[in-house]
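Spelled out from the first residue to the last, the chains are:
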Amino acid sequence: MAVTHKIGRRKTSVARIYLTEGNGEILINGKDYKTYFPTEVLQYKVLQPFQLTETLNQYNVKVNVYGGGVTGQVEAVRLAISRALVSIDAENRTHLKPEGLLTRDPRMVERKKFGQKKARKRFQFSKR
């Protein structure tokens, strides 16, 4: 099997993954995923596509991720892994699609508008 390269995005985070057959080693920016994402919730999100497709410890993953915060980064990684698993085997789509792992979350930060304090908040009105 050749290397499968996919990209996942969430907010301002971009994750590029390289998936190869192996023993389940996951490296994110040169570190083990358990040290890069220290909480159990974030680690669960990284492994979720593998658990749903029952391919845990079958692939090695090398990830380069940048931008955004930890939640955006982990969800970008999850999307990229899901896309790679579908490109390897189309049967995986039936497991991942109902869980919403193949949908790119389009929500972004709304820009600040001119004449306002923030995106939607206005300056305080004074009648004096």
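A.B. asks: Looking at this structure, how should I read the pairing of strand 2 (residues 13-21)?
C.D. replies: Each regular strand shows side chains that alternate between the opposite faces of the sheet. Bridging between strand 1 (residues 4-10) and strand 2 involves 7 bridges; their strand directions are antiparallel. From the neighbouring strand, H5 faces strand 2, where its bridge partner is Y18. Where strand 1 folds back onto strand 2 in an antiparallel hairpin, the turn is made up of 2 residues, including K11, whose phi is positive at roughly 50°. As paired elements, strand 2 and strand 5 (residues 59-66) share 8 bridges and run antiparallel to each other. Bridge pairing in strand 5 links A15 to V65.

A.B. asks: Just checking my understanding: could you explain helix 2 (residues 40-53) for this structure?
C.D. replies: Residues that lie three or four places apart on an α-helix share one face, since the helix turns once every 3.6 residues. An ideal rise of 1.5 Å per residue puts 20 Å on 14 residues; helix 2 measures up with 20 Å between its terminal C-alpha atoms. At L47, helix 2 shows its maximal kink, close to 50°; a proline, P49, follows between one and four residues later. Listed as buried for helix 2 are L42, Q43, K45, V46, L47, Q48, P49, F50 and T53. Positive backbone phi, at 55°, marks E54, one or two positions downstream of helix 2.

A.B. asks: Sorry if this is basic, but what is going on with the nonpolar core here?
C.D. replies: If you look at soluble globular proteins, the nonpolar side chains tend to sit buried side by side. I26, F50, V61, V63 and I81 are the most contacted members of the largest nonpolar core, which totals 26 residues. When residues of this core are traced back to their parent elements, those giving at least two are strand 2, strand 3 (26-28), helix 2, strand 5 and helix 3 (70-88). A per-element tally of this core places helix 3 first, with 8 residues. Residues contacting F50, with those up to four places away along its chain left out, are L19, I26, T55, L56, Y59, V61, I81 and L85.

A.B. asks: Looking at this structure, I do not really get the pattern of salt bridges. What am I missing?
C.D. replies: Side-chain pairing between opposite charges can occur once the charged atoms of the two side chains come close. Going through the model one piece at a time under the given rule, you end up with 6 salt bridges. Close ionic contact of R10 with E75 constitutes a salt bridge, the shortest N to O distance being 2.9 Å. A residue pair is termed long-range when its members are at least 10 positions apart, and R10 in strand 1 and E75 in helix 3 qualify at 65 residues. For R10, a relative accessible area of 8% translates into the label buried. A single network of salt bridges, built from pairs that share partners, joins R10, K45, E75, D105 and R107.

A.B. asks: It is not clear to me how the sheet that holds strand 5 should be interpreted in this structure. Could you clarify?
C.D. replies: Remark on secondary structure: sheet strands pair via backbone hydrogen bonds, oriented parallel or antiparallel. Ordered in space as 1-2-5-3-4, the 5 strands form an open sheet in which the pairing is mixed. Each edge of the sheet is formed by a strand with only one pairing partner; in this case those strands are strand 1 and strand 4 (31-32). Of the pairings in the sheet, the one linking strand 3 to strand 4 comprises 2 bridges and is antiparallel in character. Its bridge partner lying in strand 4, I28 is registered against K31. Each of strand 2, strand 3 and strand 5 touches helix 2; the most contacted strand, strand 3, lies at about 145° to it. The strands touched by helix 3 are strand 1, strand 2 and strand 5; relative to strand 1, the strand with the most contacts, the crossing angle is about 145°.

A.B. asks: What exactly am I supposed to notice about the environment of Y33 here?
C.D. replies: Looking at the element boundaries, Y33 is found in helix 1 (residues 33-36). Assessed through its relative accessible area of 9%, Y33 is described here as buried. Spatially, the C-alpha atom of Y33 lies 44 Å from that of G115, the residues being 82 residues apart in sequence. Setting aside chain neighbours within four positions, we find Y33 in contact with I26, I28, Q43, V46 and L47.

Rules behind the numbers
- Residues numbered from 1 in each chain as written.
- Predicted model: local features only at pLDDT ≥ 70, side-chain atom pairs only at ≥ 80, totals over all residues.
- Heavy atoms only, no water.
- Pairing = 2+ DSSP bridges.
- Helix = DSSP H or I, 4+ residues; strand = E, 2+ residues; numbered from the N terminus.
- Expected span 1.5 Å × (residues − 1).
- Bend = angle between axes of the 7 residues up to and from the residue.
- Buried < 20%, exposed > 50% of the residue type's maximum accessible area, 1.4 Å probe, protein only.
- Core = buried A, V, L, I, M, F, W, Y, C linked by side-chain atoms within 4.5 Å.
- Contact = heavy atoms within 4.5 Å.
- Salt bridge = Lys/Arg side-chain N within 4 Å of Asp/Glu carboxyl O.
- Axes fitted to C-alpha atoms, helices over the stretch in contact; angles between N-to-C directions.

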